[in-house]
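Residue-level structure breakdown
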Amino acid sequence: LPERCWPYLDWPMGRKIMPVLSIAGINAATDVLTVKKHRFYNGDRVMVGLSAGAVLPSAAPALSEDSWYFVRVVTEDTLTLHPTRVDALANTNKID
């Protein structure tokens with residue numbers, strides 16, 4: 001796999017955690033993350049992680065490294081993160 005960039009998302013595949021995609025951008029006004037061709041579905045569980053020496057951008061103060069979140073798909077390239085699967089499916093309580 002190519003070297004991961006900051007921050008990145010992981011998702012469980014069976015019993016493995018597979019490194020996935022780099023977050024290309026975060027819109028602080030809408031809480032929408034840009035993750036090109038992410039392939040997630042509403043309700044998928046993901047983890048935000050950082051490459052060595054990286055930090056989360058100030059536009060994402062509520063995101064925590066190595067914490068689990070749930071995806072709400074906006075488009076094939078954008079998504080929002082939520083604290084629970086129920087929130088993601090209902091599109092409520094976005095992580096800002």
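The notes below deal with the structure included here.

About the cut-offs
- Residues numbered from 1 in each chain as written.
- Predicted model: local features only at pLDDT ≥ 70, side-chain atom pairs only at ≥ 80, totals over all residues.
- Heavy atoms only, no water.
- Helix = DSSP H or I, 4+ residues; strand = E, 2+ residues; numbered from the N terminus.
- Buried < 20%, exposed > 50% of the residue type's maximum accessible area, 1.4 Å probe, protein only.
- Contact = heavy atoms within 4.5 Å.
- Phe/Tyr/Trp six-rings, centres within 6.5 Å; stacked < 30°, edge-to-face > 60°.
- Lys NZ or Arg CZ within 6 Å of the ring centre and 35° of its normal.
- Core = buried A, V, L, I, M, F, W, Y, C linked by side-chain atoms within 4.5 Å.

1. Here's the deal with the overall build of the protein
Of the regular secondary structure elements, the protein holds 1 helix and 7 strands. For the protein, the succession of helices and strands along the chain, N to C, is β-β-β-β-β-β-β-α. Within the protein, buried positions represent 36% of all 96 residues. For the protein, contacts bridging at least 24 residues in sequence account for 49% of all contacts bridging at least 6.

2. Description of the packing of aromatic side chains
What the rule picks out here adds up to 0 aromatic pairs. Here the basic side chain of R45 rests over the ring of W68, its NZ or CZ set 3.8 Å away from the ring centre.

3. Structural notes on the nonpolar core
With 12 residues, the main nonpolar core is built from I23, L33, V35, F40, V46, V48, L63, Y69, V71, L79, L81 and I95. If you list the elements that add at least two residues to this core, you get strand 5 (45–49), strand 6 (67–75) and strand 7 (78–82). In this structure V71 touches F40, Y41, N42, G43, D44, V46, L79, T80, L81 and A88, once residues within four positions along its chain are discounted.

4. Description of unusual backbone geometry
Phi at D31 is positive, roughly 65°, even though this residue is not glycine. Its location among the elements puts D31 in the loop between strand 3 (25–27) and strand 4 (32–34). The class for D31 is buried, based on a relative accessible area of 13%. Phi at K37 takes a positive value of approximately 50°, unusual for a residue other than glycine. Mapping K37 onto the fold places it in the loop between strand 4 and strand 5.

All quantities given are derived from atomic positions and should not be read as evidence of function.
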